Amino acid sequence: MPRAWIRRNQVPAFLLVTFAWTWFWHGIFFLFGLWDELLYTAIPSVWGPLIGAITVVWAGETTFRSWFRRRLNWRLRPTLYLVAVLAPLIVTNLQPVIGAVGGGMLRYDPPAPVGLMVVWVLVNVFVWGGTEEIGWRGFLQPRLQERTSVFTAGLAIGVIWWAWHLPMFLTGDPNYSLAPLAFASYGAMILGISVVLGALVNATDGSALPAMVLHGTANLGAVLAATGGLLGGSPVLPLLGGGLWWVIVLSLLLKNGPSMVSDPSIEPRV
């Protein structure tokens, strides 16, 4: 794509490269029968938003160094990192808590030892899903906010993000099920978390690092498990779990309106 066209059409160019990169790799893994290996289908396919952002920055007048310095600025309030870690841990573990209500049992059931979980989150933040946030929140969120509110921009990115994940529903992985309630649960989750991530990047003056941490921690999943309970095994439970992100969204809307935070001030600067 010519640099002049990319410079004039930054959002379409970003989306074109993002979807083309990711869906190309999904196609490769589909053709070679690697859909069962979820890790392989995610790397390097998850780098689509990052590659899309890099493409547009390359075509612009801002240097890579200055653009990435701001998007990866780590000198932020410690509370922002605390929120980025605690919010997904609370939301993902409230789902089994809800499932245990009504006589069920709740137990600590981590997916791995603590050390491995920390490594898993760090890999997610800096290599896997967290890198998406440099594109979605670091690049696209500011551009959509030129014409709309933080809330609407986050919601729009959530729809795009959901569509970007569509090939994953062909893998047979239970996290990407085409069953109606599971499909709705995923939609509620990804739209809600997208709005929360959009609010978070506005609280960091454009740094995507806390959003990367939140994304990576969310990919860890729950460390609690429930058996029994009124909703134990019910397909409604994941839908309630995805809806928990909307509790956060609603609280931010009630406090700050569509701006979501008290002073949203990020700018594209490309």
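Keep in mind that what you see is a predicted model, and the values were worked out from it rather than measured.

Draft legend 1. Representation of the environment of Asp205 in the model. Its location among the elements puts Asp205 in the loop between helix H10 (180-202) and helix H11 (209-218). You can call Asp205 partly exposed: its relative accessible area is 37%.

Draft legend 2. Summary view of helix H7 (residues 114-126). Taking 1.5 Å of rise per residue, 13 residues should cover 18 Å, and H7 covers 19 Å from first to last C-alpha, within 8% of that figure. For H7, every residue scored as buried is listed here: Met117, Val121, Asn124 and Val125. For H7, the arc enclosing every buried residue in end-on projection is 100 degrees, short of the 170-degree limit, so these residues lie on one face. Within H7, the exposed residues directed more than 90 degrees away from the buried face are Leu116 and Phe126. Where H7 is buried, its residues meet strand E1 (105-108) and H11.

Draft legend 3. Seen up close, the layout of surface pockets. Computed from the structure, the largest pocket encloses a volume of approximately 1,400 Å³. Taken together, 48 residues make up the lining of the largest pocket; nearest its centre are Asn175, Tyr186, Met189, Ala218 and Asn219. Among the elements that take part in the lining of the largest pocket, H10 stands out by supplying six residues, more than any other. When the residues that make up the lining of the largest pocket are grouped by side-chain class, the tally is 26 nonpolar, 21 polar and one charged. Taken as a whole, the second largest pocket encloses approximately 350 Å³ of empty space. Together, 18 residues line the second largest pocket, and Val83, Leu200, Ala203, Leu252 and Val261 are the ones closest to its centre. Elements that contribute at least two residues to the lining of the second largest pocket include exactly helix H6 (78-100), H10 and helix H12 (236-256). The greatest single-element share of the lining of the second largest pocket, amounting to five residues, is contributed by H12. For the lining of the second largest pocket, the per-class residue count stands at 12 nonpolar, four polar and two charged.

Draft legend 4. Molecular detail of helix H4 (residues 48-59). If you check H4, its first and last C-alpha atoms are 17 Å apart, about what 12 residues at 1.5 Å a residue would give, namely 16 Å. H4 sits mainly inside the fold: nine of its 12 residues count as buried. For H4, the full list of buried residues reads Gly48, Pro49, Leu50, Gly52, Ala53, Thr55, Val56, Val57 and Ala59. On the buried face of H4, the contacting elements are helix H1 (3-8), helix H2 (10-31), helix H5 (64-71), helix H8 (132-144) and helix H9 (150-164).

Draft legend 5. Local environment of the environment of Met260. With respect to the helices and strands, the residue Met260 is situated in the segment after H12. For Met260, a relative accessible area of 0% corresponds to the buried category. Remark: the alpha-carbon pair of Met260 and Gln141, spanning 119 residues in sequence, is separated by 13 Å. Once you skip the residues sitting within four places of it in the chain, Met260 turns out to touch Val150, Phe151, Val195, Ala199, Val249, Leu252 and Leu253.

Draft legend 6. The arrangement of unusual backbone geometry in detail. Although it is not a glycine, Asp205 adopts a positive phi angle of roughly 60 degrees. Here Met260, not a glycine, exhibits a phi torsion of approximately 70 degrees, which is positive.

Draft legend 7. Up close: the packing of aromatic side chains. Counted according to the given criterion, the structure contains 15 aromatic pairs. Ring centres of Phe14 and Phe139 lie 4.7 Å apart, and the angle between their planes is 35 degrees; this geometry places the pair in the tilted category. Separated by 125 residues along the polypeptide, Phe14 in helix H2 and Phe139 in helix H8 bring together distant segments of the chain. Of the two residues, Phe14 and Phe139, neither departs from the other in class, the shared state being buried. Ring geometry for Trp25 versus Phe29: centroids 6.2 Å apart, planes at 35 degrees, classification tilted. Of this pair, Trp25 and Phe29 both sit in helix H2, four residues apart, roughly one helical turn. A relative accessible area of 23% means that Trp25 is categorised as partly exposed. Residue classification places Phe29 among the buried positions, given a relative accessible area of 8%. Linked through ring pairs, Trp162, Phe169, Tyr176, Phe183 and Tyr186 together constitute an aromatic cluster.

Thresholds applied
- Residues numbered from 1 in each chain as written.
- Predicted model: local features only at pLDDT ≥ 70, side-chain atom pairs only at ≥ 80, totals over all residues.
- Heavy atoms only, no water.
- Helix = DSSP H or I, 4+ residues; strand = E, 2+ residues; numbered from the N terminus.
- Buried < 20%, exposed > 50% of the residue type's maximum accessible area, 1.4 Å probe, protein only.
- Expected span 1.5 Å × (residues − 1).
- Arc of directions from axis to C-beta.
- Contact = heavy atoms within 4.5 Å.
- 1 Å grid on protein atoms, 1.4 Å probe; cavity = no way out; pocket = protein on both sides within 12 Å on 5 of 7 lines; lining within 4 Å.
- Points joined across faces, edges and corners; volume = space filled by probe spheres on them.
- Nonpolar A, V, L, I, M, F, W, Y, C, P; charged D, E, K, R; others polar.
- Phe/Tyr/Trp six-rings, centres within 6.5 Å; stacked < 30°, edge-to-face > 60°.

By themselves, these are just geometric observations and shouldn't be taken as functional.
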